[in-house]
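# A closer look at the structure
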Amino acid sequence: MMAREAAVAPRGAEGRMARAGLNAFFNVSEAWGLKDEEKRVLLGRPSKATFYRWKAGATGHPSADTLERISYILGIYRALQILFKDAKLADGWVRRPNTASPFGGRSALDRMLSGNVADLFVVRRYLDAERGGWG
């Protein structure tokens, strides 16, 4: 089993970055209280087998789309941690209804769960604007 995992895992810096990104994603998704199916949608709907391998720690080869999605999720998480000094408020924000124009009374999580990577971008852009820019 170990030889098989080593054969499919990306090597070097690429593999370490993919594993770090997936680990960070799973930590954020736990902080947000996401269900496995919500996690799969945010990752771009990988197969259940792939998802559970990633969750168990096997990296494999996440697609560029999946890595882009993880990048947006981590940016959203970081922006929330900056905007809200209380971690529970920051983590709960994604589920609270929001009347701002990108959300139309729905939560940011509802928007993100549409499955489109563009919706992750919209949430990230909104939060970056709220906190005063990209810096």
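Residues numbered from 1 in each chain as written. Predicted model: local features only at pLDDT ≥ 70, side-chain atom pairs only at ≥ 80, totals over all residues. Heavy atoms only, no water.

### Brief notes about unusual backbone geometry
Note: most peptide bonds trans; most residues except glycine with negative phi. Applied cut-off: Secondary structure elements follow DSSP: runs of H or I no shorter than four residues count as helices, runs of E no shorter than two count as strands, and numbering proceeds from the N terminus. We call a residue buried when its accessible area falls under 20% of the maximum for its residue type, exposed when it is over 50%, and partly exposed in between, using a 1.4 Å probe and counting protein chains only.
In this model, R45 sits at a positive phi of 60°, which is unusual for a non-glycine residue. On the secondary structure map, R45 appears in the loop between α3 (36-42) and α4 (48-56). We classify R45 as partly exposed; its relative accessible area is 47%.

### Here's the deal with the packing of helix α5 (residues 64-83) against helix α8 (residues 117-130)
What counts here: Axis angles are defined between N-to-C directions and span 0 to 180 degrees, where every axis is a line fitted to C-alpha atoms and, for a helix, only to the segment in contact. For classification purposes, angles smaller than 35 degrees are called roughly parallel, those larger than 145 roughly antiparallel, those between 65 and 115 roughly perpendicular, and all remaining angles oblique. Each crossing gets its hand from how the near helix is turned against the far one by less than a right angle, where anticlockwise is left-handed and clockwise is right-handed. Contact definition: two residues touch when any of their heavy atoms are within 4.5 Å. The nonpolar class holds Ala, Val, Leu, Ile, Met, Phe, Trp, Tyr, Cys and Pro. Asp, Glu, Lys and Arg form the charged class, and all remaining residues, Gly among them, are polar.
Contact geometry for α5 and α8: axes closest at 9 Å, N-to-C directions at 25°. Put simply, α5 runs roughly parallel to α8. In this structure, α5 crosses over α8, and the sense of that crossing is left-handed. Only V117, L120, F121, V123, R124, L127, D128 and E130 of α8 make contact with α5, whose side of the interface consists of D65, E68, R69, S71, Y72, I73, G75, I76, A79, L80 and L83. Classifying every residue of the contact of α5 with α8 by side-chain character gives eleven nonpolar, two polar and six charged.

### Section: the pattern of salt bridges
Where charged atoms of side chains with opposite charge meet at close range, the side chains can pair. Heads up, the rule is: A side-chain nitrogen of Lys or Arg and a carboxyl oxygen of Asp or Glu constitute a salt bridge if their distance falls within 4 Å.
Considering all chains together, one arrives at nine salt bridges under this definition. For D128, the salt bridge identified is with R131, shortest N-O distance 3.3 Å. One network of salt bridges, with partners in common, ties together E30, D36, K39 and K55.

### A word on α8
Selection criterion: Expected helix span is computed as 1.5 Å times (number of residues minus one).
With 14 residues, α8 ought to run about 20 Å at 1.5 Å a step, and its terminal C-alpha atoms sit 20 Å apart, in line with that. Among the residues of α8, those classed as buried are D119, L120, V122, V123, R124, Y126, L127 and D128. Contact partners of the buried residues in α8: α3, α5, α6 (87-93) and α7 (108-112). Positioned one or two residues after α8, G132 has a phi angle of 95°, which is positive.

### With respect to the packing of aromatic side chains
For clarity, the threshold we go by: The pairing test for Phe, Tyr and Trp rings, Trp by its six-membered ring, is centres within 6.5 Å, and the orientation test on the planes gives stacked under 30 degrees, edge-to-face over 60, and tilted for anything in between.
All chains considered together, the criterion is met by seven aromatic pairs. Ring geometry for W93 and F103: centres 5.8 Å apart, planes at 85°, overall edge-to-face. Of this pair, W93 sits in helix α6 while F103 sits in the loop between α6 and α7, placing them ten residues apart in sequence. Taken individually, W93 and F103 each receive the classification buried, so the pair is uniform in this respect. Judged by centre distance (6.3 Å) and plane angle (15°), the rings of W93 and Y126 are stacked. Of the two residues, W93 is situated in helix α6 and Y126 in helix α8; the sequence distance between them amounts to 33 residues. The same class applies to W93 and to Y126, which are both buried. A network of ring pairs unites the aromatic residues F25, F26, F51 and Y52 as a single cluster.

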